[in-house]
Amino acid sequence: MLRKKTHIGTSGTFRWAYHDTKDLLFFLFLRLGTFLFLLTLLSLALGGCGASPVGMARKVRPVAMLGHGRLEDTAWSDHGQALAVAGSIGVQIYDPDDLSKEPRTLLQGMNVGGWVQSVALSPDGRLIAIGNNAGVIRLRDIETGEERAVLEGHTGWVNHLVFSPDGAHLASVSGFINDRTVRLWDVATGTQQTMIESETWPVQSVAFRSDGEVIAFGTADGSIHMWHIASGEEVTLLKSEGGGIYSLAFSPDGRTIATGANDGTVRLWQIATRSLSQEYQGHHKIVTGLAFNSDGTMLASSSHDGSVRIWTVGADAEPLVLSGDDRENEEQLMQGVAWSPDGTQVATVCEDGSMYVWQVQNGEEHTSLPSDLAYGVTVSPDGKTLAVGSKNAIYLWDIATRTRLTSLPAPGPIYRVAFSPDGTMLASGGADATVRLWNVADGTEAAMLEGHTEPVRAVAFSPDGTVLASGGTDMTVRLWNVPSGEERAVLEGHTEPVRNLAFNGDGTLLASASSDNQNGAVWVWEVESGNVQHVLPGHNVVAFHPNQSLVASAGMDGTLYIWDLAKREVWLELQGHRGLVTSLAFNPDGTVLASGSSANFGIFLWNTGSQAEAGQIATLYAHTSSVWDLAFIPGEMSDVMLASASFDGSVRLWGVPQE
């Protein structure tokens, strides 16, 4: 798992020589000895070995999750007693009357096989169907979470689910090019009854007729197909000239079908005559969701133009537009729409991970669940407070109680955050190309530092707190004088966005990581002069050892290097990740290195206390997407040692659960 190589190059870049045969034999012998030694350490760790890095790491488990994650789909029970919300961290069951309450049931993403793409509730409200990004559907008891069946067959993510009106069948759709199928499942037995495959175009949507005898689905070429379930025969085929069909819905009486196309038009079709009866113009992007209210007098449509529109069926009246001026909310990308059973509210999920519920009578927003996009995470020096960079805000959490303390409003996404060494200030880098300094005590903005011309992706304080470094998509690293807010240097040389920064223990060196030359490069700068001291090739994330002249880096190939800058050589090479490493962090004394991945979404813990004992000591799984940032928690927290932020929209706290 580890190798040591000798540096033979000059200048600022490390280069390597190959081992000869004797070196190779010695290396294999040393590797075998090290392996046996690590086995001994492992057996000691499993039996309990006090507070050593190995012993502690073997016991690390997730102890808390913060945030709602990224939301993908929502479904209302027919009796209005439950609102299911699905997304990156699993499925949450809410009380529709008060979404501010904690969900009654939480099915974790890892327990349902990954990122949840779609959800449906059975008509009697007892079962929930959950479709994930691996093509697997799970049927669970909505109250207990007990798994009733696992439905397998799709080869792409399951992007739409719907129960038949009697709850006996479940229809599923996968919109992937390699899976152009609608599948019909028997709910009681969990078996597949029918598979309908589109020969040429991906399937985008599916719906049951009110009598449950016919299903309809739309394809990307603009076709609307209807199949009789009992006979398995196609009974009706309609063709829309407005482009691909991305959503459809039967009217309650089963005589009309509504379709939403990628040209933004909503169309009503009379099934008996196979004729177009009405067109609704207003959306200017793909219509992603359609739903009739219970008596069929109103039709709700959602769109990627950022709006939900309520149409009066059979009338030429202007629709009720929810979410304000759609052109000002294009980034919201509404994903679908669902009516409350009493017809007074509609709910929709946005592609940014948020969910909104509106009152239909007056068009006012009733409530919402925000997206907790977790771009970056940092921990206060006293280990008590967690700061998370998210969409339009920075959230501060109390680590001990797992409660949100406050939010600091921001003009756009915040990609990285960092506490000052004394904990009184917080720095943030965001999409608006600014660096901002915040007073932690009262949440006020202390300064806005302008100089970057594109989004700021990294920020880091020097150990004494007098210098702040920032790195951006503009490929520059900038150094700021914290007391005055003045820019003191612009460090140039990277050819790709700078996404990671780290100071060494005494603040004399700064490492910046980028995807230079596709494979990445870490540049080590002298802070005082701004000169480049080293260029470490092939990696795009970096972390300094807290008290030695060692720096860790990793990148696309999954290999971690720990470089000895004083000796200009690799001190350790650690292998275990199977793909891109996206984050690195040392614990406060440098004996443990954590690395996060985008390949299997795992976090690896490595013993880095010495070369002799180095190696992987634990693998942590709970996230359902890339781990973007890691932060060890200092101090004497009883059960928490590490925080991780992921693209799945959650922050996980890891530690040693109390026996």
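Residues numbered from 1 in each chain as written. Predicted model: local features only at pLDDT ≥ 70, side-chain atom pairs only at ≥ 80, totals over all residues. Heavy atoms only, no water.

**A word on the overall build of the protein**
The following threshold applies: Secondary structure elements follow DSSP: runs of H or I of four or more residues count as helices, runs of E of two or more count as strands, with numbering from the N terminus. By definition in these notes, contact holds between two residues if any of their heavy atoms fall within 4.5 Å. Surface accessibility follows the Shrake-Rupley procedure with a 1.4 Å probe radius. Residue values consider only the protein chains on display as shielding.
For the protein, the count of helices and strands is two helices and 56 strands. Restricting the contact set of the protein to residue pairs at least 6 apart, pairs at least 24 apart contribute 42%. On the protein, roughly 26800 Å² of surface is accessible, and the fraction owed to carbon and sulfur atoms is 49%.

**Describing the packing of aromatic side chains**
Rules: Working definition: rings of Phe, Tyr and Trp (its six-membered ring) pair if their centres are within 6.5 Å, and the pair is stacked with planes under 30 degrees apart, edge-to-face with planes over 60 apart, and tilted otherwise. Each residue's exposure class comes from its accessible area (1.4 Å probe, protein chains only) as a fraction of the maximum for that residue type: buried when under 20%, exposed when over 50%, partly exposed otherwise.
The final tally for this structure, using the stated rule, is nine aromatic pairs. With a centroid separation of 5.4 Å and 25° between ring planes, the pair formed by Trp523 and Trp525 is classed as stacked. Given a relative accessible area of 16%, Trp523 falls into the buried group. A relative accessible area of 2% places Trp525 in the buried class. With centroids separated by 5.1 Å and ring planes inclined at 50°, the aromatic side chains of Trp628 and Phe647 adopt a geometry described as tilted. One end of the pair, Trp628, is in strand β54 (residues 627-632); the other, Phe647, is in the loop between β55 (642-646) and β56 (651-655), with 19 residues separating them in the sequence. The exposure class assigned to Trp628 is partly exposed, which follows from its relative accessible area of 25%.

**Observations regarding the sheet that holds β55**
Quick reminder of the rule: At least two bridges found by DSSP between two strands is the condition for calling them paired. Axes here refer to lines fitted to C-alpha atoms; in helices the fit is confined to the stretch in contact. Angles between the N-to-C directions go from 0 to 180 degrees.
Spatial ordering of the open sheet is given by β1-β56-β55-β54, a layout of four strands whose pairing is antiparallel. The strands lining the two open edges of the sheet, one partner per strand, are β1 (61-66) and β54. Averaged over all neighbouring strand pairs, the angle between strand axes comes to 25°, with direction disregarded. Taken together, the four bridges between β55 and β56 define a ladder with antiparallel strand orientation. Residue pairing across strands places Ser644 opposite Arg652, the latter belonging to β56.

**Topic: the nonpolar core**
Counted only if it meets this: Think of a nonpolar core as a cluster: buried Ala, Val, Leu, Ile, Met, Phe, Trp, Tyr and Cys residues, connected wherever their side-chain atoms sit within 4.5 Å.
Counting residues in hydrophobic clusters, the biggest one holds 18 residues, and the most contacted among them are Val377, Leu386, Val388, Ile399, Val651 and Leu653. When contributions to this core are tallied by element, the ones reaching two or more residues are β1, β30 (376-379), β31 (385-390), β32 (393-398), β55 and β56. Among the elements that line this core, the one with the most residues is β32, at three residues. Those residues within four positions of Val651 in sequence are excluded, and the remaining contacts are Ala64, Met65, Leu66, Ala374, Val377, Leu386, Val388, Ser644 and Ala645. Within the second largest apolar cluster, 17 residues are counted, among which are Val541, Ala543, Leu550 and Leu572.

**As for the sheet that holds strand β11 (residues 169-174)**
The strand order across the open sheet formed by four strands is β10-β11-β12-β13, and the pairing between neighbours is antiparallel. The two strands at the open ends of the sheet, each matched to only one other strand, are β10 (158-163) and β13 (191-197). On average, adjacent strands in this sheet sit at an angle of 20° to one another, irrespective of strand direction. As paired strands, strand β12 (residues 181-186) and β13 are joined by six bridges and run antiparallel to one another. Paired with Trp185 across the bridge in β13 is Gln192.

**Section: the layout of surface pockets**
This is how it is decided: Of the two site types, the cavity is a set of points on a 1 Å grid over the protein atoms alone where a 1.4 Å probe fits but cannot get out, and the pocket is an open set with protein on both sides within 12 Å along at least five of seven lines, each lined by residues with an atom within 4 Å of a point. Grid points are joined across faces, edges and corners, and a volume is the space filled by probe spheres set on the points. Ten residue types, Ala, Val, Leu, Ile, Met, Phe, Trp, Tyr, Cys and Pro, are classed as nonpolar, four, Asp, Glu, Lys and Arg, as charged, and the remainder, Gly among them, as polar.
There is about 1500 Å³ of room inside the second largest pocket. Along the walls of the second largest pocket sit 50 residues, with Thr378, Leu501, Ala502, Ala585 and Leu630 positioned nearest its centre. Where the lining of the second largest pocket is concerned, the elements lending two or more residues are β30, β34 (414-419), β38 (456-461), β42 (498-503), β46 (541-544), β50 (581-586) and β54. Counting residues per element, the lining of the second largest pocket draws most heavily on β50, which supplies six residues. Classifying every residue of the lining of the second largest pocket gives 33 nonpolar, 13 polar and four charged.

**Quick word on the pattern of salt bridges**
Selection criterion: Salt bridges are counted wherever a side-chain nitrogen of Lys or Arg sits within 4 Å of a carboxyl oxygen of Asp or Glu.
Across all of its chains, the model carries 14 salt bridges by this definition. Residue Asp263 is joined to Arg267 by a salt bridge in which the shortest nitrogen-to-oxygen separation is 3.2 Å. By relative accessible area, which is 8% here, Arg267 ends up buried. What you see here is one network of salt bridges that share partners, running through Arg138, Arg140 and Glu147.

**With respect to the environment of Trp654**
Worth spelling out the cut-off: For this analysis, a polar contact is any N or O atom pair within 3.5 Å, provided that within protein one partner can donate a hydrogen and the other can accept it, and provided that sequence-adjacent residues contribute only side-chain to side-chain pairs.
With respect to the helices and strands, the residue Trp654 is situated in strand β56. Taking the relative accessible area as the measure of exposure, Trp654 reaches 1% and is therefore buried. Once the C-alpha coordinates of Trp654 and Met641 are considered, the two residues, 13 residues apart in sequence, prove to be 5.9 Å apart. Of note is the side chain of Trp654, whose polar atom sits 2.9 Å from the side chain of Ser644.

**Observations concerning the environment of Val651**
Relative to the helices and strands, Val651 is located in strand β56. Accessibility expressed as a relative area gives 2% for Val651, which makes it buried. For the pair formed by Val651 and Gly69, sequence separation is 582 residues and the distance between their alpha carbons is 8.5 Å.

**Considering the confidence of the model for the protein**
Which entries qualify depends on this criterion: As a per-residue measure, pLDDT tells how confident the predictor is, with possible values from 0 to 100.
Within the protein, residue pLDDT values average 83, and 86% of them lie at 70 or more. Confidence drops under a pLDDT of 50 for residues 1-51, and excluding neighbours within four residues, the segment shows 78 contacts in the predicted structure. Taken together, the stretch residues 324-330 has pLDDT below 50 and engages in 14 contacts with residues farther than four places along the chain or on a different chain.

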